[in-house]
Structures are given as C-alpha cells and as structure tokens.
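Listed below are the residues making up each chain.
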Amino acid sequence: MNRRFDLHLLGWLLLVVAGLLLVPLVAAVAFEDAPGPFVSALLLAGVAGAGLVAVTQTKERNLRARDGFLVVSGAWAVTSLVGALPYLLSGSLGPVDALFESVSGFTTTGSTVIADVSALPRSLLLWRAMTQWLGGMGIILFTIAILPLLGIGGMQLFKAEVPGPVADKVRPRLAATARTLWGLYVGFTVAQWLALMLCGLSWFDALCHALTTLATGGFSTRNASVGEFSSPAVEWVVIVFMLAAGMNFVLHYKALTGRWSDVVRDVELRYFLAVVGGAAVLLFAVLWDQGKGVHDTVRAALFQTVSIVTTTGYVSVDYELWPHAAQFLLVALMLFGGMSGSTGGGPKSLRILLALRSLRATVHRFIHPHAVVPVKYHGQVVSDGVLSGVAAFLTAYVLLAGGAAAVVTAAGYDFATAVSASLTAIGNVGPGLGAVGAMDNFSSFPAAVKLLLSACMLLGRLEIFTILVLFSRQFWRH
Amino acid sequence: MRALVVGGGLVGSTLAARLARDRHDVVIVESDRERLQGLADDLDVQVVAGNGTAVEVLRQAGIEECDVLFACTSSDEANMVVALMGSALFKVPRVVARLRDRSHEASFAAIAQRLGGEHVCINPDQAAVEKILSLLPVPGAVDVVTFLDGKLIIAGFPIPAGSDFEGLLLSHLRLLFPSPPVLAVAIRRGEESFVPHGEDEFRAGDLAYFAIDPHELGNVLKLLGVRRGSEERVMIAGASRIGLELAQRLEARNEDVTLFEDDLEVAEAAAAQLKRTVVVRAQATDREVLEEEGVERASAFVACTDDSSLNVMACLLARRLGAARAFSLVDNPALTRMVGELGIDAVVSPRLLTVGLAVQFVRRGRVRAAAALMEDLIELVEVEVESGSRLVGPPLAELGLPRGTLVAALLRGKNVIVPGGGDRILVGDRALLITSTARAAELDAFVGGQ
C-alpha cells in the first residue's frame, strides 16, 4: 500500500470539498442568510486539506487495489464529516443528526431528520441538495475529472466508487472518462432544471429538485416532497429524469454518440425497464379500486415505482394510505435498484439479473445432472468469479439488512419500520414505512440507530466490499 | 493521438503503457479476458475483448478514428491481416505490424505498397541481432546506440571501483578528453536515473552513458580498465532464429564464430546454412564442451536460446569459465534489471526492442531517430533543425529547453560538435537531445513547435 499518496489524495479531496463550499457561501451572501457556518466549514476543510497535501508530498504515485478501497472509503468518510459541518455550525442540527443528514445526502439516500425542511435557510437547502448531487456521480470521479493527480492505478479508485459489478470506461483515458460522465450529468441536470421551471417552479425549487433527481437522492425543499407542488406536469418531468438517472450513463453516452443499436440491445436496460413497467402495472392494478381516475392512478403508480426502483425516494402521495399489498410491493422494489453505472443505489439490476440466471442454470443442472449449463450475458459466458462475486454481494446485502433491522426492532420499533428503515438505508432509497413513512422522518430514532443507519448508507453506496475489506486483518498486512 | 493496439501480450501491453504515459488515447484489443482485466486495472487505457482479426471487433475498438494501428499479437499471420485491414478497409494513416518471418515481411511490404498510408514492419529478432552487433565492437559496454550517421556512439559502462573515473567531476572530462570531447549524458545510481550536469561526479557502481567520438573509444576503454578477450571469437548458444541470423551476419564480417545447439536436427540445419562457423552439438550449459571449445579465450558469449532462464545460467557459466563478455537474451522485464546485477554484461530483450522501435515510429516526423536508455527512463532524440525551429537562435543556456534536457552533440557539415551553454544551434544542424522519459512529451512539443 502507498499510504503516503493515499493521504495526499485525501488532502486534495478536502481541498475540492472546500472549493465546493464556496457555492452555498455565495448563495448565503446573496440570500442574506448567515454565511458563518459555510465560512467556518470551508476554512476547516481547506486548512486540513492544504496541510495534508503539504506534508504528504511523494513521487511514488502508483495505486494498488488496496489503496483504492482505502482512499475511496476514507474520502467518503471525510466528505461526510465536512458535509455535516454547515448543519451543525448553523445550529440547525445536533452532531449525530448533522452527520446523519450529511451521510444521507452524499450517499443519495434522502432520508431526513429534519421535520420542517421549509424552515431551513435557502443556502443550507442548496448545500443539502448539492451533497446529493456530488455523491450521485461520485466525489472521487469529480476529483479525477478536475485534477490531473493520478498516475497508474486511478482505475482502482474508479472501480471502488462506480456502482455495479463492472466499471466501463467510455474513453481510453480515465480523466477523459470522468469528464465525459460528469459532463453528461451536468447536461441532464440543466435540462431538468429548465424543464421544471417551464412547469412553473421557482428557479430555486427547480434547481434543488434537478440536483437531487439526477443523483437519485430524493431530498426536497418541501415537507411533503414533490407531492406538495400538486402539479402533474412536474411529476411527469421528475419521472422521466428519475428513469434517466437510474440508467447506466455509459448508455446515455452511446445514445448521444449515435450508437442506438447498442442501447436498444442492452440486456440490462431491457430488464430494468421490464421491472419498472411490470411493477407499475401491478401497482396500478392494486390502486385501481381507489377510484382516483385513470390519469391520476397511472401517474401515482408510475411515479412511486420509478422513485423506489431508481432509489430516488421522492413521494408524490402518501403511500401509507394505500392497501398493504401496494406498500409491500414498494418495499420489495427496494431490493432491485438502478442499473450498474447509474447514480442509483440498491443491489443493481445487473446483479439481480445474473443471480436469476444462475438460479435458472442451477435448476437446469438438477434436472440434467450432466449438462453443461453456462450463464450467459450479452452472448458471452459469465465467469464463475463474477457469479460468485454477485452471490457474495447479495448474501452480504441481505445479512446486513437483516442485522440492521434486528437492531432497529431491539430499539423498540415495529417490524415494518425496522425492515423498511434498514432496506431504505442500505439501498440509498430514502423513505420507509411506519415510523419512517412517506410523511414522517428519521428524527425519532435514538442516536445509536441513526449512526447504524448512516453506516448502512455508506456501505450501500460503496457496495459493501469497498468498506468491508478494511475490516479484514489481512488488508493491513504488507 | 489515438492509438489502437491489437494483442495485449508483453509487446502490446508495454507499448500501450508507454503510449498512455505519453498522454495518448490507447485502446487495446485482446481475446484473453483474464489478461484483459489485468490490463484494464494496471493501465490508463480502454480495453476491448475479442479477436482482432474480426472487422466487428476492430470497429468496436474505434479503428475508424485511430491515428496509428499496432498489430502485435504473437501470430505473424494475424498481424498481417489486422494491419492490412486497417489500411485497406479503415484507411488508418499509420500502421505497424510485428512480423518475425522474413518472407512475411516481404509479402506484407508488397501488399502494403499498393495501399495508402504509412507502413512499417518490426521484426523483434532482427532488432535483437542489430542490438547485439552494435554491442560487440564496444568491449565493456552494456548498451550501445549510434547517432548522427555513426559519427557518435552513445555507450553505457559500469564505473568500476578504483578506475580513473571514480570521484571524477563531470566537468573535468573535458580536461581528460579535450578534443574530440567525451560527454557523460546519463547516469544510473542505484534506483535513480538522471541526466547529469558538470558538478556531478562519478561514483563506483554507477552506470554511466557517454557520448563518444568513435576515434576516442580506445582511450575511454583504457581509462575504464576494460579487458578484452585474447582471441576474437564469438560464441553463440542456441541456433534459434536470432542465434542463426547472428552467426550469419558475423560470418559475413569474417569473424570467427562457434555455435552451440542441443537439438541434433536444428544443429544440422544450422550447419547446412552456415559456412565457416563451427557448429557444436551441446547444451548451452555443458561445462566440459564449453571448456573444450575454448570459452576462456572468447571475446564474447551470446546466449540466444528461447529459454530466458537457460540463457542467464549459460552466461553466468561462460563468465565464470573466463569469457570476456556475456550477453543474454531475456524477454522478461522483471528479470532484466536483476540479471545485469549478476555480472552479465548486457541483456537484450527482443520484445522490448520492438516496443522501442514502435514508439520511435509514432514520434517520427518530428524526430529523425530516437532511442531509450536504462529501461526507458532516459530518452535520446535526434532532430534535423529547420528554419523557424525553436531550437535556433539564442545560445543554448537561454534557449528555454524543458528542465533536465541536454544538447549532447550537433552534427554540422561533417563535424560533430559537443556544444557548451554559450554555443548556438544553426539551421541545417542535426542535434542530439537527451531528456528523462517523463519529460519526453514536453521535449517533443518544444521541438515540434514552431
């Protein structure tokens, strides 16, 4: 491991975060909010970053896989801590709540401990939306895009941060790849910002929602989320952009460069859309006898399905008033997640797809004990290494969810609250059921549960293993 | 620039690493998925899985946009198909094919002639033979490159303890060799390689590269205390493609050659093709036969079998038995450095030579010739100075060359000049520049800029 250079990178990352804090600082001055919290946070991050960069100068710039895990985990921990400072220093939240809100932001979860969001200063609301936006495409990828820091081994960081079992480059060079992906992301965000303004939202509401939609985050500037606008047009725009954010950005790149046939033939995309479509039809069927009319029912079913599958976590209506079957369906959808290479959370549709195909192959082998049954994806045989990686990930995911749910029940909460809270945290979704339902928030949980759920969000965003390997004793041996 | 490398073996991957380091966009096509994964992890390149001879795969790898195509799989036939497809179907402007068989080279050249674009074949074996032939006349050298139409030799020598060079200030070299001057252009000390300046001094154990006028070579060797073999006889172990070719070339120069080959059939075939060479059927590591053939009087022992480890062992044995110098073919970069420390005089890697030639081809146009020293850490570039070049005008000290760049020599008319800081470069000169590889791209930009 190259610990000196790892720390050097973390130092640069702190400087980048400090630079980003300029945005809410300028906003605070413009909106005549108190700029103090942002100034202090910026100075703290800036001084710490500059100091770290200065004392860890090194020529040795190679990174191994282990460095990738260490830097990415460290970066997300450090970023979450800095991100909590504005909440804490403005007096809006206590230390644990501030950390929870910050982690929920950067991991694009969107669970909140703030009961009255609309009472926050607008500069703080902007920072809250920005944390999600930065976390969505990835703070490391952002750093790679803007700073020419990395030599060989930058791929290790890319792989450790990008969601999904495979990390594809869209350009030969990593820095160019990072710039392209971030460029697409910015483009989509601006497009949605304009679209929401056309639907009648103020520029500020439109911006904050664009930032949190593309990140599949789900923080809103309103207490009742997107539902508070009561605007079908806004909901349709959000549905479209949530879907786009839940798709692999490599496919967006291919579509924009005219390679439509690659996009149309993408197996994971077809599967992802089939899950969304199927679930929306089911939800529509369950909601139909509520008598809300075709358009409203279709929109409500589609909005909530897309919101949960892409792990955005917006709410357009209070789904806790829906039948139990509908509520169960929403929790079940948390186990799917966005596509690999998207900004969405969850186990990722590619992993579920591969798991289902191995399941089919295993059944086939029971029937034909001597048959050779490869698992294929895009016509290629998937190696056993990849398949066992998928199986290990899903096992870890379920164990983690079960363990976290058990702790929440031990704190005195009911089954629905516990299971949904743990799944929503690991899947980076946002709202759950029961005490953390559509119209509730996470503030009632004891501090220990909040910290546990924060850890689950980080584990979920970095896909468990990036953090889990740090707890292996062998990791720290030379 | 965008480069497409077909074949991700040692040549392909080393080449890709070099190109990526020089900030080119590189795409590698390789059919072995495991190897591909390793490349994707280690290098800043894009990888495409598949067989490079398939049009669809090449298209997917972006051959339509690429500026230069390298065909370096292990198969000559595949390389020809890839390279010719690149020219004929996709109009790639520059194409490099790695071909080992001479007859393939001829066929390739014949077809390529009728297609547009620039083509070059690189023959790793040929490159290795040339390398060994350039090493042989310079006793004691671990590496030799000639520049400026052969009027300047760049040769690397280990500085032995107790020689006149130990403790010598570089600026005092001019006192020892007033005219024509000898210049130290690069030094490797332990793990560090650098382009030295006047205040540096030589230390025992350094590997020092000198720019030497061929006429002055004898004096340099004397001061270094290099010993020569009593007899001008070259012994070659292994009648591989390289061993056989080397024997033929040496025969043509009227040198005495002994060739060892273990396999009877191969030995017989070699004997049939050679004229004066003594072909001995024996293993390269057979001590008794080596002694019998007088290895202790040989001026050089060259191990050319296809087995790198066997080559190393044979060289160690030959040195112990008294051969004046031993050269080994080693196609394993991890071994190369270590082998040098074992007391083998020079290690030649056909595949790394191939990479060097391929990189030179990419840079050609701006530079006339280029070479890399010390596992690619130091780079030499020969440029033709045209009017409007940034090299012309102010004295060298004020030219603003990239840091750590040295103008080693100028060829003006028929004379080689070793310039000082006050000298100027004129239009029509040929200049030999030296820099660290990390700054090669900077130097290229400086030389290329008008």
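Note that this is a predicted model, so its numbers are computed, not measured. (Residues numbered from 1 in each chain as written. Chains lettered and ligands numbered in written order. Predicted model: local features only at pLDDT ≥ 70, side-chain atom pairs only at ≥ 80, totals over all residues.)

### Comments concerning the overall build of chain A
So, point 1. Along chain A, the regular secondary structure elements total 21 helices and 2 strands.
So, point 2. Computed over C-alpha atoms, the radius of gyration of chain A comes to 22 Å, within 12% of the 23 Å expected from 2.2 N^0.38 for 478 residues, which places it in the range of a compact globule.
So, point 3. Its C-alpha atoms give chain A principal-axis dimensions of about 65 × 55 × 50 Å.
So, point 4. The buried share among the 478 residues of chain A stands at 52%.
So, point 5. When contacts within chain A are restricted to residue pairs at least 6 apart in sequence, long-range pairs at least 24 apart make up 72% of them. (Helix = DSSP H or I, 4+ residues; strand = E, 2+ residues; numbered from the N terminus. Rg over C-alpha atoms; globule rule 2.2 N^0.38 Å. Buried ≥ 20, exposed ≤ 12 C-beta atoms within 10 Å, placed from the backbone. Contact = placed C-beta atoms within 7 Å.)

### So, the sheet that holds strand 3 (residues 46-49) of chain B
Residues and elements named next belong to chain B.
So, point 1. Across the sheet, which stays open at both edges, the 6 strands sit in the order 3-2-1-4-5-6 with parallel pairing between neighbours. Strands with a single pairing partner mark the edges of an open sheet, and in this sheet they are strand 3 and strand 6 (118-122). Averaged over all neighbouring strand pairs, the angle between strand axes comes to 15°, with direction disregarded.
So, point 2. The pairing of strand 1 (residues 2-6) with strand 4 (residues 68-71) spans 4 bridges and is parallel. Paired with Leu4 across the two strands is Leu69, which belongs to strand 4. (Pairing = 2+ DSSP bridges. Axes fitted to C-alpha atoms, helices over the stretch in contact; angles between N-to-C directions.)

### Remarks on unusual backbone geometry
Residues and elements named next belong to chain A.
So, point 1. One non-glycine residue, Ser225, lies in the positive phi region at around 60°.
So, point 2. Mapped onto the elements of the fold, Ser225 is located in the loop between helix 10 (203-214) and helix 11 (232-246).
So, point 3. Of the residues examined, Ser225 has 26 C-beta atoms within 10 Å and is grouped as buried.
So, point 4. You will see that Ile464, though not glycine, has its phi angle at about 60°, which is positive.
So, point 5. Along the chain, the position of Ile464 falls in the loop between helix 20 (447-461) and helix 21 (465-468).

### As for the interface of chain A and chain B
So, point 1. Across the contact, 8 residues belong to chain A and 10 residues belong to chain B.
So, point 2. Of the residues assigned to the side of chain A that touches chain B, the class counts are 4 nonpolar, 1 polar and 3 charged. (Nonpolar A, V, L, I, M, F, W, Y, C, P; charged D, E, K, R; others polar.)

### With respect to the sheet that holds strand 16 (residues 326-329) of chain B
All names here are of chain B.
So, point 1. Sheet architecture is open: 6 strands sit in the order 14-13-12-15-16-17, paired in parallel fashion. The open sheet terminates on both sides in strands that have one partner only, identified here as strand 14 (278-281) and strand 17 (346-348). The average undirected angle you get between the axes of adjacent strands in this sheet is 20°.
So, point 2. Against the sheet, helix 12 (residues 308-321) contacts strand 12 (233-237), strand 15 (300-303) and strand 16, and its axis sits at roughly 175° relative to strand 16.

### A look at the domain arrangement of chain B
Residues and elements named next belong to chain B.
So, point 1. Under the domain assignment used here, chain B contains domain 1 (2-122), domain 2 (128-132 + 229-352) and domain 3 (353-448).
So, point 2. Using C-alpha coordinates to define each centre, domain 1 is positioned 32 Å away from domain 2.
So, point 3. The partner domain 2 presents 4 residues to the 4 residues of domain 1 that form the contact.
So, point 4. In terms of residue class, the side of domain 1 that touches domain 2 is made up of 2 nonpolar, 1 polar and 1 charged. (Domains from an automatic or database assignment.)

### Some remarks on the packing of helix 19 (residues 415-426) of chain A against helix 20 of chain A
Residue and element names in this part refer to chain A.
So, point 1. Contact geometry of helix 19 with helix 20 gives a least axis separation of 7 Å together with a crossing angle of 40°. Considered as vectors, helix 19 and helix 20 are oriented oblique to each other. Contacts between helix 19 and helix 20 involve Ala421, Ser422, Ala425 and Ile426 from the former and Leu453, Cys456, Met457, Leu459 and Gly460 from the latter.
So, point 2. Tallied by class, residues from the contact of helix 19 with helix 20 come to 7 nonpolar, 2 polar and no charged. (Parallel < 35°, antiparallel > 145°, perpendicular 65-115°, else oblique.)

### Focus: the pairing of strand 19 (residues 378-384) of chain B
Residues and elements named next belong to chain B.
So, point 1. In terms of burial, strand 19 is a largely internal element, 6 of the 7 residues being buried.
So, point 2. As paired strands, strand 19 and strand 22 (residues 430-436) are joined by 7 bridges and run antiparallel to one another. Counterpart to Glu384 in the pairing with strand 22 is Arg430.

### Overview of helix 7 (residues 139-146) of chain A
Residues and elements named next belong to chain A.
So, point 1. When you tally the buried positions in helix 7, you get 7 out of 8 residues, the bulk of the element.
So, point 2. Taken together, the buried positions of helix 7 are occupied by Ile139, Ile140, Leu141, Phe142, Thr143, Ile144 and Ala145.
So, point 3. Where helix 7 is buried, its residues contact helix 1 (3-20), helix 4 (65-89), helix 6 (122-137), helix 8 (154-161) and helix 9 (174-198).

### Points about the nonpolar core
So, point 1. If you look at the biggest cluster of nonpolar residues, it comprises 293 residues, and the most contacted ones within it are Phe70(B), Val185(B) and Phe301(B).
So, point 2. Not counting residues up to four positions away in its chain, the partners in contact with Phe70(B) are Ala3(B), Val5(B), Val6(B), Leu15(B), Val96(B) and Ala358(B). (Core = buried A, V, L, I, M, F, W, Y, C linked by C-beta atoms within 7 Å.)

### Remarks on helix 17 (residues 349-367) of chain A
All names here are of chain A.
So, point 1. Spanning 19 residues, helix 17 covers 27 Å between terminal C-alpha atoms, matching the ideal 27 Å at 1.5 Å per step.
So, point 2. Within helix 17, burial applies to Ser349, Leu350, Arg351, Ile352, Leu353 and Leu354.
So, point 3. In this fold, the buried residues of helix 17 make contact with helix 14 (267-287), strand 1 (376-377) and helix 18 (384-410). (Expected span 1.5 Å × (residues − 1).)

### Comments concerning the pairing of strand 16 of chain B
Residues and elements named next belong to chain B.
So, point 1. Residues Ala326 and Ser328 of strand 16 are buried on one face, and the alternating residues Phe327 and Leu329, pointing to the opposite face, are buried as well.
So, point 2. Where strand 15 meets strand 16, 3 bridges bridge the pair, whose relative direction is parallel. Each bridged residue has a counterpart across the sheet, and for Val302 the counterpart in strand 16 is Phe327.
So, point 3. The parallel pair strand 15 and strand 16, bridged by helix 12, forms a crossover whose chirality is right-handed. (Right-handed = clockwise from strand over helix to strand, strands pointing away.)

### Points about the environment of Cys304(B)
Residues and elements named next belong to chain B.
So, point 1. Relative to the assigned elements, Cys304 resides in the loop between strand 15 and helix 12.
So, point 2. Residue Cys304 is classed as buried on the basis of its C-beta count, with 31 C-beta atoms lying within 10 Å.
So, point 3. Placed 25 residues apart in sequence, Cys304 and Leu329 show a C-alpha to C-alpha distance of 5.7 Å.
So, point 4. Discounting residues that sit within four places of it in the chain, Cys304 has contacts with Ile236, Ala237, Gly238, Ser240, Ile242, Gly243, Leu246 and Leu329.

### Description of the packing of helix 1 (residues 10-21) of chain B against helix 14 (residues 350-363) of chain B
For any two helices packed against each other, the geometry is given by the interaxial angle and the distance between the axes.
Residue and element names in this part refer to chain B.
So, point 1. Where helix 1 contacts helix 14, the axes come no closer than 9 Å and their chain directions differ by 40°. As far as their axial angle goes, helix 14 and helix 1 are oblique. With respect to the hand of their crossing, helix 1 and helix 14 are arranged in right-handed fashion. Contacts between helix 1 and helix 14 involve Leu10, Val11, Thr14, Leu15 and Arg18 from the first element and Arg351, Leu352, Thr354, Val355, Ala358 and Val359 from the second. (Left-handed = near helix turned anticlockwise from the far one by under 90°.)

### Topic: the confidence of the model for chain B
So, point 1. Summarising the model, chain B shows a mean pLDDT of 85, and 96% of its residues fall at 70 or more.
So, point 2. Across the interface, the model reports ipTM at 0.75; the global pTM reads 0.82. (pLDDT = per-residue confidence, 0-100.)

### Thoughts on the environment of Arg66(A)
All names here are of chain A.
So, point 1. Looking at the secondary structure, you find Arg66 in helix 4.
So, point 2. Given 18 C-beta atoms within a 10 Å radius, Arg66 is considered partly exposed.
So, point 3. For the pair Arg66 and Ile239, spaced 173 residues apart in the sequence, the C-alpha separation amounts to 39 Å.
So, point 4. When sequence neighbours within four positions are dropped, the list of residues in contact with Arg66 reads Met1 and Phe475.

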